[in-house]
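For reference, the chains in residue letters:
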Amino acid sequence: MDFNYLLQQAQKLTHDTQGTEDFPRVERTLPQVLQATHELHARVIQTGAKDIQAHILLGSKGIELPKISQKLETISSRKTFEPLDPIAETDIHSFLRNEKENAILSVIEEVHKNSYQSAQNQKWKHTMNDWKQEKIKLMNALIGPSQNWIDIRKAPEQTILNESTFGGKSSLNNEEMAYAREVAEYNKLIISGAMRPSLVQKFSEVATKFNDSKVNDMWELVKYMSNVPPFPKTQDPIKTRNQRTQFVDQAKKYLENRYKLFMTAVISDNLRDAQRGGVPSTYNLVSAFVGLKFNNQNTNSFIGLQDGFVDGKPLWPLVYYSLRCGDIQSALKFLGRAGLNSSSSETPRGHEDFVQLLECKFRNPEQKINSKLEMQIKLQYKKHIRNATDQYKRASYCIVGRCDVNEQHAEVAKTSDDFLWIQLSMIRNDGEVTADDLTYAGLQSMILEQYGEKHYNAQEQPHLYFQVLTLTGQFEAAIEFLSRFERYRTHAVHIALAMSEIYMLGGPRNVQEPLLSVDIEDPAPLRRLNVARLVMLYVRKFEVTDPAEALQYFFFLRNLTDPEGKNLFLVCVTDLAIECRDFDLLFGKMQSTGVRSRGIIDQFETINIDPSKACEMVAAALVKKGLFEDAIKMFDLAGMEDQALNHLSILLSQVVHQSSTQGSLRERLYIMADDFARRYIGVINCDPQIISTFTTLKDLVTFFDCYHEKKYELALETLGRTKLVPLSMNDLDICVHNFKRLGGEVCKVFPDLLLATMDILHNQYKQLKGKDGGAINNEYRERQLTFIRDQAKALSNMAATVPYRMPGDTNSRLVQTEILMH
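Quick caveat, the model's predicted, so the values are computed rather than measured.

Enquirer: Hey, could you go over the overall build of the chain for me, with residue numbers and the actual values?
Expert: When helices and strands are counted, the chain shows 36 helices and five strands. Looking at the chain residue by residue over its 822 residues, the buried ones come to 44%. As presented, the chain carries roughly 45700 Å² of accessible surface, and 51% of it is formed by carbon and sulfur atoms.

Enquirer: Quick one: what's the story with the packing of helix H15 (residues 352-363) against helix H16 (residues 371-385), residue by residue and with numbers?
Expert: Direction vectors running N to C along H15 and H16 enclose 140°, while the axes themselves pass 10 Å from each other. In terms of axis orientation, H15 runs oblique to H16. Where H15 crosses over H16, the handedness of that crossing is left-handed. Between H15, through Asp353, Phe354, Gln356, Leu357 and Cys360, and H16, the contact on the second element is made entirely by Leu373, Gln376, Ile377 and Gln380. Residues of the contact of H15 with H16, tallied by class, amount to five nonpolar, three polar and one charged.

Enquirer: Which residues make up the environment of Leu724, and what values do they have?
Expert: Its location among the elements puts Leu724 in the loop between helix H32 (712-722) and helix H33 (732-739). According to the relative accessible area criterion, Leu724 is buried, its value standing at 3%. Separated by 14 residues in the primary sequence, Leu724 and Asn738 have C-alpha atoms spaced 6.9 Å apart. Each residue touching Leu724, except ones within four places of it in the same chain, is listed here: Thr696, Leu700, Leu719, Cys735, Leu742, Val746, Phe750, Leu753 and Met798.

Enquirer: Please give an account of the nonpolar core that cites residues and values.
Expert: Trp219, Tyr553 and Phe587 are the most contacted members of the largest nonpolar core, which has 218 residues in total. Broken down by element, the residue count for this core peaks at 13 residues, all from helix H34 (residues 744-770). What Phe587 contacts, discounting residues up to four positions off in sequence, is Val573, Ala577, Arg596, Ser597, Gly599, Ile601, Asp602, Ala614, Cys615, Val618, Met634 and Leu637.

Enquirer: Can you explain the packing of helix H28 (residues 628-637) against helix H30 (residues 665-679)? Please cite residues and give values.
Expert: For the pair H28 and H30, the least separation of the axes is 12 Å and the interaxial angle reads 15°. When the axes of H28 and H30 are compared, the pair comes out roughly parallel. The two elements H28 and H30 meet at a crossing, and its hand is left-handed. Touching Glu629, Ile632, Lys633 and Asp636 of H28 are Leu665, Arg668, Met672, Phe676 and Arg679, all from H30.

Enquirer: Lay out the side chain of Arg527 with the relevant residues and their values.
Expert: In this structure, Arg527 sits in the loop between strand S4 (516-518) and strand S5 (528-529). Given a relative accessible area of 10%, Arg527 falls into the buried group. A polar contact is formed between the side chain of Arg527 and the backbone oxygen of Pro525, at a distance of 2.6 Å.

Enquirer: Residue-level account of the pattern of salt bridges, with values.
Expert: Within this structure, the stated rule accounts for 32 salt bridges. One salt bridge connects Glu453 with Arg484, and the closest N-O pair in it is separated by 3.1 Å. With Glu453 in helix H19 (residues 440-455) and Arg484 in the loop between helix H21 (475-482) and helix H22 (486-501), this pair connects stretches of sequence that are 31 residues apart. On the accessibility criterion, Glu453 (27% relative accessible area) is partly exposed. When the shortest N-O distance is used, the salt bridge between Asp519 and Arg509 registers 2.8 Å. Highlighted residues: Asp519 in the loop between S4 and S5 and Arg509 in the loop between H22 and S4, separated in sequence by 10 residues. Accessibility expressed as a relative area gives 9% for Asp519, which makes it buried. The exposure class of Arg509 is partly exposed, given its relative accessible area of 48%. In the salt-bridge network here, residues are joined through shared partners; they are Asp636, Asp674, Asp675, Arg678, Arg679 and Lys698.

Enquirer: Give me the lowdown on the confidence of the model for the chain, citing residues and values where you can.
Expert: Predicted confidence across the chain gives a mean pLDDT of 82, with 84% of residues reaching 70 or more. This model gives residues 77-81 a pLDDT under 50, and the stretch forms three contacts once residues within four places in sequence are excluded. Residue range residues 143-167 is modelled with pLDDT below 50. Its contacts to residues more than four positions away, or to other chains, number 74 contacts.

Enquirer: If you had to explain helix H36 (residues 810-820) to someone new, which residues and values would you point to?
Expert: Within the span of H36, buried status applies to Thr810, Leu814, Thr817 and Glu818. Down the axis of H36, the buried side of the element spans an arc of 100°, and every buried residue falls inside it. Looking at H36, the residues exposed on the side facing more than 90 degrees away from the buried face are Gln816, Ile819 and Leu820.

Enquirer: I'd love a proper account of unusual backbone geometry, names of residues and values included.
Expert: Trans peptide bonds make up the majority, and among non-glycine residues the majority have a negative phi. Here the amide bond leading from Ala524 into Pro525 is cis, since omega sits at 5°, within 30 degrees of zero. Within the secondary structure, Pro525 sits in the loop between S4 and S5. Even without a glycine there, the phi angle at Tyr503 is positive, about 60°. Among the structural elements, Tyr503 can be located in the loop between H22 and S4. For Arg581, which is not a glycine, the phi torsion comes out positive at approximately 65°. Position of Arg581 among the secondary structure elements: in the loop between helix H25 (568-580) and helix H26 (583-587).

Enquirer: Could you give an account of the packing of aromatic side chains, with specific residues and numbers?
Expert: Scanning the model with the defined rule gives 35 aromatic pairs in all. Relative to Tyr553, the ring of Phe542 has its centre 6.0 Å away and its plane inclined at 65°; by these criteria the two rings are edge-to-face. With Phe542 in the loop between helix H23 (531-539) and helix H24 (547-554) and Tyr553 in helix H24, this residue pair connects regions lying 11 residues apart in the sequence. You'll find Phe542 and Tyr553 in the same group, each marked buried. Taking the ring centre of Tyr283 as reference, the NZ or CZ of Lys333 above it sits at 4.2 Å. Across the ring face of Phe555, the terminal group of Arg558 is positioned such that the distance to the ring centre comes to 4.3 Å.

Rules used in this analysis
- Residues numbered from 1 in each chain as written.
- Predicted model: local features only at pLDDT ≥ 70, side-chain atom pairs only at ≥ 80, totals over all residues.
- Heavy atoms only, no water.
- Helix = DSSP H or I, 4+ residues; strand = E, 2+ residues; numbered from the N terminus.
- Buried < 20%, exposed > 50% of the residue type's maximum accessible area, 1.4 Å probe, protein only.
- Areas by Shrake-Rupley, 256 points an atom, 1.4 Å probe, with all protein chains shown as cover.
- Axes fitted to C-alpha atoms, helices over the stretch in contact; angles between N-to-C directions.
- Parallel < 35°, antiparallel > 145°, perpendicular 65-115°, else oblique.
- Left-handed = near helix turned anticlockwise from the far one by under 90°.
- Contact = heavy atoms within 4.5 Å.
- Nonpolar A, V, L, I, M, F, W, Y, C, P; charged D, E, K, R; others polar.
- Core = buried A, V, L, I, M, F, W, Y, C linked by side-chain atoms within 4.5 Å.
- Polar contact = N/O pair within 3.5 Å; in protein donor to acceptor, adjacent residues only side chain to side chain.
- Salt bridge = Lys/Arg side-chain N within 4 Å of Asp/Glu carboxyl O.
- pLDDT = per-residue confidence, 0-100.
- Arc of directions from axis to C-beta.
- Phe/Tyr/Trp six-rings, centres within 6.5 Å; stacked < 30°, edge-to-face > 60°.
- Lys NZ or Arg CZ within 6 Å of the ring centre and 35° of its normal.

Here you go:
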């Protein structure tokens, strides 16, 4: 290789490179070039192929990726909205700049915070509104516990049980039919003004036919608890109930009579061993029952008993069971016989106060007990009786002297009836109530809140929980609980109706309250039952198939009003009418004589219920729903001729220009209008404007019928009588003047009227134009054509003159048709 040649070539290349200005001069030695190559190779290996491709891509666009990366690293979004670091106070410009930026950042942060809080508030407000709506829907759709919400602010006689009412089967079962018959008979007596019978007695007689002992027991219980002096109609039942002691007495009487029946049944099953004998009485009944319970063959049953025997039977069980049967006299007799025995160690000494207190209760059951005597009994119980081994003795003392309200007496009270009777016997209703005494409200709270449904296994035995609630005077909670069960719902509704009729149920302030609610002004734990909601939920099952029976139940709501002050019976009838749509059955038909035939509603006509008012309410509701055709019929039945004609005119204005087809809305409206014209015009006292609008629209129906049937001469003749459109230029001013007095319904038809009239004139023009004849005929034809042109011109001028904005291309179509006639 010639190194000189290579040197020359290198020098030449260097010279050429220095002479160019496109590339900068590279001053690197070979080791530097080698080192740069190694660094580039190492960087390529670290970044990878994707970063190389990114460098190449951005580099082809003139973007240097390393510089951009450096700029991005210098930017810190976290520090952008942080308060700036303080600087020296001497640097005025920097201090002001920082203060300005801090102020801007604080405003941004405040706006961000307020926006976030506002969004959260809006979200929760929307969520709560949605939940309230869903809650209302659920309560309207279901029959269940209402969770005790607190209001903080807040069918004629011949149609009864007629299965062919709507051509279908009745939705009422046998039990519901039996109750419905009794309801109809009761309402019939109420309407006629006869003496009101006891609905409790009537319904209980119906229930005996169902052969269901539990249902019979429930009605028997209701009979006992309702057998109290009548409640004042003007007073609140909740407040009246708490002021009376009769409910405690009636509950005890029910439990005592039931226990007598139980004892009789036990003895009847063991007649040989009972050896009852003697004159039938509670004394002999208790003696025989105790003899069976504590027979000589079971010596263990005598363990712990004290104070001797009477005729071989332990004393205190005899006393207790006498009290359990409600017979104080028998208890005193047993105590007396024990004291009349010989002076043995078994003679009951030290019980003179107990006997004296019993005698006071027997002689004066309604008189207040001597407090001093009662205190002595309590002291004696605390000192001697509390720790006695005879559980019957302890129970008797507690019952008579109200000694220990917390004692459960589990050895004696084996059933819920026993426990409840003992608790009722210990209730103190006089004014001298202390913290150690049991009150009526305290017992109610114990049953409803402390024990509750779970304790009584209410889901498995609802009749038992209904019984304990009713016996403690909590009728509203008992009925609401019973209504949750399909098997007992019918009976619960009728129990509510029967007790509501004698003013024993407390109702809510607002009929839109839940089924069961708590009023903050009521003493705990009493509830209020929404009988209106209960009835409406019950009737919903059969109101469409049996509207006559539905109205019988709605009649119970006649004395209630909705939040708008409307009679609730009429409100329910309105909803039923719109639901079933059989207005003829409910309200009758309007005869050709103008007299309405009787409907189901007429049998309920009283001072507070006017069938015409019901028709008016239904009509108004139909108008709100846009069902004008049905509303017109109801306004007619209500005797509101002006409203009937007004709404009929509104409907006619929408279809009057259409061609009539069989069964169409236009045909039905025309038949209705023709009927109204015969019955109304000249008879009713109605607004002249409404009558004029109705009459005009009725004439326009005739005009458009003739127009569609191509009876042009008759159509123009009819139109001429209305004086609505000019048929000559001389009539233009009169027609414009008449237009200003037209109602809005006629004005809506006016564009179609002008177009139809212009079309009639155009067809007449074409017919004349197509005819040919002699000179006289041609002269007559020209005069006729000129007359038609004059009519068309009058129509166009009318359209342009009237103060009414014609829709679409009405004016242009009129002008174009007029031009075709020239």
